[in-house]
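This is what each chain is made of:
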Amino acid sequence: GSTDLSIFTSSEKHSFSSDYCYEKINIFDKSPYEETLYLDVDGLVLQDPEKIFEELKGADIWVHPMGRGCRTDNISYNWVENDTIWDKYNLSYWFNTCQTSIVYFTKEAKGFFDKLKENYNNKLDKYQYRDLWGKSKQHPDELYYSITLP
């Protein structure tokens, strides 16, 4: 059978800058919905997306976890040396890394996104990265989401 698309109440077209990191950090401001499921355009939905909303009910923000560690651990991310992150952002003991191809959030996540913007506005200099994002050599949004996660 066909998929019921009634959960998608509307669609909107937004203009975007060429700074992909900035755009993904500001998705909260672009969503008029109480609950939002952001998917990168290269993703593919193979099952009813309503199940995702049901499973994440009660969460304010969810991104795909990649790893967790402390300053001396080899954490599952490759953007920056651990010392650079801990020193710049005054991180606590643990650091949670994530992948942002799928981001679920509610309007209750405003505080998270405010802090995310604050961290991005205090971003690293490009020379401090081990690697930049893709061919565009932009700042990696996953790094700033990871820094902001509790």
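Throughout what follows, the structure given in this document is the object of discussion.

Scoring rules and cut-offs
Residues numbered from 1 in each chain as written. Predicted model: local features only at pLDDT ≥ 70, side-chain atom pairs only at ≥ 80, totals over all residues. Heavy atoms only, no water. Phe/Tyr/Trp six-rings, centres within 6.5 Å; stacked < 30°, edge-to-face > 60°. Helix = DSSP H or I, 4+ residues; strand = E, 2+ residues; numbered from the N terminus. Buried < 20%, exposed > 50% of the residue type's maximum accessible area, 1.4 Å probe, protein only. Lys NZ or Arg CZ within 6 Å of the ring centre and 35° of its normal. Pairing = 2+ DSSP bridges. Axes fitted to C-alpha atoms, helices over the stretch in contact; angles between N-to-C directions. Core = buried A, V, L, I, M, F, W, Y, C linked by side-chain atoms within 4.5 Å. Contact = heavy atoms within 4.5 Å. Expected span 1.5 Å × (residues − 1). Arc of directions from axis to C-beta.

A separate point is the packing of aromatic side chains. One pass over the full model with this rule turns up 11 aromatic pairs. Between Phe28 and Phe113, the ring centres sit 5.2 Å apart and the planes meet at 25 degrees, which makes this aromatic pair stacked. In this pair, Phe28 sits in helix H2 (residues 27-30) while Phe113 sits in helix H5 (residues 110-121), placing the two residues 85 residues apart along the sequence. Assessed through its relative accessible area of 8%, Phe28 is described here as buried. By the ring-pair criterion, three or more aromatic residues cluster together here, those being Phe28, Phe105, Phe112, Phe113 and Tyr145. Sitting over the face of the ring of Phe28, Lys107 holds its NZ or CZ atom 4.5 Å from the ring centroid. A cation over an aromatic ring shows up here: Lys123 above the ring of Tyr120, its NZ or CZ 4.2 Å from the ring centre.

This brings us to the sheet that holds strand S1 (residues 35-39). Backbone-to-backbone hydrogen bonds join strands into a sheet, with any given pair of strands oriented parallel or antiparallel. Strand order across the open sheet formed by 3 strands is S1-S3-S2, with antiparallel pairing between neighbours. For this open sheet the edge positions go to S1 and strand S2 (61-69), each flanked by a neighbour on one side alone. Here the strands of the sheet are splayed against their neighbours by 35 degrees on average, with no regard to which way each runs. Here S2 pairs with strand S3 (residues 95-106) via 8 bridges, running antiparallel. What sits directly across from His64, in S3, is Gln99.

A separate point is the nonpolar core. Counting 30 residues, the largest nonpolar core has Ile85, Phe95, Phe113, Leu143, Tyr144 and Tyr145 as the members making the most contacts within it. Counting only elements with at least two residues in this core, the list comes to helix H1 (20-25), H2, helix H4 (82-89), S3, H5 and helix H6 (141-148). Discounting residues that sit within four places of it in the chain, Leu143 has contacts with Tyr77, Trp79, Val80, Ile85, Phe95, Leu124 and Tyr129.

This paragraph deals with the side chain of Asn119. One can find Asn119 in helix H5. In this structure Asn119 touches Tyr89, Tyr144, Ile147 and Thr148, once residues within four positions along its chain are discounted.

Moving on: H5. Compared with the 16 Å implied by 1.5 Å per residue over 12 residues, the 16 Å span of H5 between its first and last C-alpha is a close match. Elements that come into contact with the buried residues of H5 comprise H1, H2, S2, H4, S3 and H6.

You will see that Asn90, though not glycine, has its phi angle at about 50 degrees, which is positive. The residue Asn90 is located in the loop between H4 and S3 in this model.

A word on H4. Every buried residue belonging to H4 is among Asn82, Ile85, Trp86 and Tyr89, and all of these are buried. For H4, the buried positions fall inside an angular range of 95 degrees around the axis, keeping them on one side. Packing partners of the buried residues in H4 comprise S2, S3, H5 and H6. Count one or two residues on from H4 and you reach Asn90, which has phi positive near 50 degrees.

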